[in-house]
Amino acid sequence: MQRTATRRHYLMVEPKYFDVEYSINPWMHPEVPTYAKIALEQWGRLRDLYLELGHRVEVLEARPGLPDMVFSANGATVVDGRVLVARFRHPQRRPESAAFLEWFEKRGGEFGEVRQAQWTNEGEGDCLTVGERILAGSGFRTATEAHTELREFFGRPVVTLTLTDPRYYHLDTALAVLDEQTIMYNPKAFTDESRQLLAELYPDAVTASDADAVAFGLNAVSDGRHVVLPRAAVGVIAELRERGFEPIGLDLSELQKAGGGPKCATLELRGGPE
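Residues numbered from 1 in each chain as written. Predicted model: local features only at pLDDT ≥ 70, side-chain atom pairs only at ≥ 80, totals over all residues. Heavy atoms only, no water.

### Notes on the pattern of salt bridges
Line of reasoning, step 1. Overall, the coordinates contain 27 salt bridges when judged by the stated rule.
Line of reasoning, step 2. Across the pair Glu 58 and Arg 107 runs a salt bridge, and its minimum N-O distance is 2.7 Å. Linking Glu 58 in strand 2 (residues 56–60) with Arg 107 in the loop between helix 2 (96–105) and strand 5 (114–116), this pair joins segments that are 49 residues apart in sequence.
Line of reasoning, step 3. Glu 58 sits in the buried class, given a relative accessible area of 15%. (Salt bridge = Lys/Arg side-chain N within 4 Å of Asp/Glu carboxyl O. Helix = DSSP H or I, 4+ residues; strand = E, 2+ residues; numbered from the N terminus. Buried < 20%, exposed > 50% of the residue type's maximum accessible area, 1.4 Å probe, protein only.)

### A few points about the pairing of strand 8 (residues 158–162)
Line of reasoning, step 1. Both strand 7 (residues 133–138) and strand 8 contribute to a ladder of 5 bridges, which runs parallel. By the bridge assignment, Ala 136 is partnered in strand 8 with Thr 160.
Line of reasoning, step 2. Each parallel crossover has a hand, and the one from strand 7 via helix 3 (residues 145–154) to strand 8 is right-handed. (Pairing = 2+ DSSP bridges. Right-handed = clockwise from strand over helix to strand, strands pointing away.)

### Let's talk about the pairing of strand 6 (residues 127–130)
Line of reasoning, step 1. The side-chain alternation of strand 6 yields two buried faces, one formed by Cys 127 and Thr 129 and the other by Leu 128 and Val 130.
Line of reasoning, step 2. With 4 bridges connecting them, strand 6 and strand 7 associate as antiparallel partners. In the strand pairing of strand 7, Cys 127 is matched with Ala 136.
Line of reasoning, step 3. Where strand 6 hands over to strand 7, the hairpin turn is made up of 2 residues, of which Gly 131 adopts a positive phi near 60°.

### Comments concerning unusual backbone geometry
Line of reasoning, step 1. Despite not being glycine, Asp 80 has its phi angle at roughly 55°, a positive value.
Line of reasoning, step 2. On the secondary structure map, Asp 80 appears in the loop between strand 3 (76–79) and strand 4 (82–85).
Line of reasoning, step 3. Here Asp 80 falls in the partly exposed class, since its relative accessible area comes to 46%.
Line of reasoning, step 4. We note that Phe 216 has phi near 65°; this positive angle belongs to a residue other than glycine.
Line of reasoning, step 5. Mapped onto the elements, Phe 216 comes out in the loop between helix 5 (210–214) and strand 12 (221–222).

### As for the sheet that holds strand 3
Neighbouring strands of a sheet are bound in pairs by backbone hydrogen bonds; such pairs are parallel or else antiparallel.
Line of reasoning, step 1. Pairing is mixed in the open sheet, where 3 strands are placed in the order 3-4-5. Two strands close off the open sheet at either side, each with one partner strand: strand 3 and strand 5. Here the strands of the sheet are splayed against their neighbours by 15° on average, with no regard to which way each runs.
Line of reasoning, step 2. Each of strand 3, strand 4 and strand 5 touches helix 2; the most contacted strand, strand 5, lies at about 170° to it.
Line of reasoning, step 3. Sitting on the sheet, helix 3 is in contact with strand 3, strand 4 and strand 5, with an inclination near 160° to strand 4. (Axes fitted to C-alpha atoms, helices over the stretch in contact; angles between N-to-C directions. Contact = heavy atoms within 4.5 Å.)

### Focus: the state of the cysteines
Line of reasoning, step 1. In the structure shown here, the tally under the stated rule is 0 disulfides.
Line of reasoning, step 2. Note on Cys 127: no disulfide assigned, nearest cysteine sulfur contributed by Cys 264 at a separation of 13 Å. (Disulfide = S-S within 2.5 Å.)

### Digging into the sheet that holds strand 14 (residues 246–250)
Line of reasoning, step 1. Taken in spatial order, the 3 strands line up as 12-13-14 in an open sheet, and their pairing is mixed. Edge positions in the sheet fall to strand 12 and strand 14, since each has one partner strand and no second.
Line of reasoning, step 2. Packing of helix 6 (residues 234–242) onto the sheet brings it into contact with strand 13 (226–230) and strand 14, and relative to strand 13 it is tilted by some 170°.

### Quick look at the nonpolar core
Within soluble globular proteins, side chains that are nonpolar tend to cluster in buried spots.
Line of reasoning, step 1. Ranked by internal contacts, the top residues of the largest apolar core, which has 33 residues, are Leu 135, Leu 175, Met 184, Phe 190, Leu 198 and Leu 229.
Line of reasoning, step 2. Not counting residues up to four positions away in its chain, the partners in contact with Phe 190 are Leu 161, Thr 162, Leu 163, Thr 164, Leu 171, Ala 174, Leu 175, Tyr 185, Arg 195 and Leu 198. (Core = buried A, V, L, I, M, F, W, Y, C linked by side-chain atoms within 4.5 Å.)

### A look at the side chain of Asp 126
Line of reasoning, step 1. Within the secondary structure layout, Asp 126 lies in the loop between strand 5 and strand 6.
Line of reasoning, step 2. A distance of 2.8 Å separates a polar atom in the side chain of Asp 126 from a polar atom in the side chain of Thr 142.
Line of reasoning, step 3. Non-local contacts of Asp 126, meaning those with residues more than four positions away in its chain, are made with Leu 135, Ala 136, Gly 137, Arg 141, Thr 142, Leu 163, Tyr 169, His 170 and Leu 171. (Polar contact = N/O pair within 3.5 Å; in protein donor to acceptor, adjacent residues only side chain to side chain.)

In structure tokens, the structure reads:
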């Protein structure tokens, strides 16, 4: 099957102050050394790859004292040019919201309504757009009340999915959007009810093993043809090739020490300026 890439618009944050200074998910171990130079190099390769693929990349200036700000996907949800800025659950990350809110507000009329979420909502970490539908995660970070807010703010149907494994604390660690009709996910990360719902909505989905999910293989970014993901996720890489996608494996091992991969470091600006 021939897959078609579409040009995307991304917002990223350079890991200038990246470190693991605290633990708010099972991947974070402050006692394990991190290497800022390697994190910057790996992040730079991700940014450069997007540019090589023809996508537009903007960079929000990192702020001291916010080591997780590199995970820009968590900063907001942007659909149809409207922006709902995150309201983080953990106090260590809450100041990031102001940085994202300021960046979008300074863009003037380039985006539509811009405001911060009223309920705990960690942006594209838990709110993934698939065609006209938004899949919304709950269980660890984003409140279920936020799902109603998403529906009202964006005027799109929202499907609630419940995560059960703390290793997959955000939806984007357990599920990736490949195109407007196709997803890939790890069934073991969800409740029985959510698994059944996903199977009904996406019968042709790519299902990933726990080994590939642990390798952050589901924290992937797709333009409809090219799928950027950690190169260690060999199982889904093979499956994606069979489905006609072009997987591109990268090493983001430093960012994975904080529980993030390509998608965590990439906020898509849907319907924004071209």
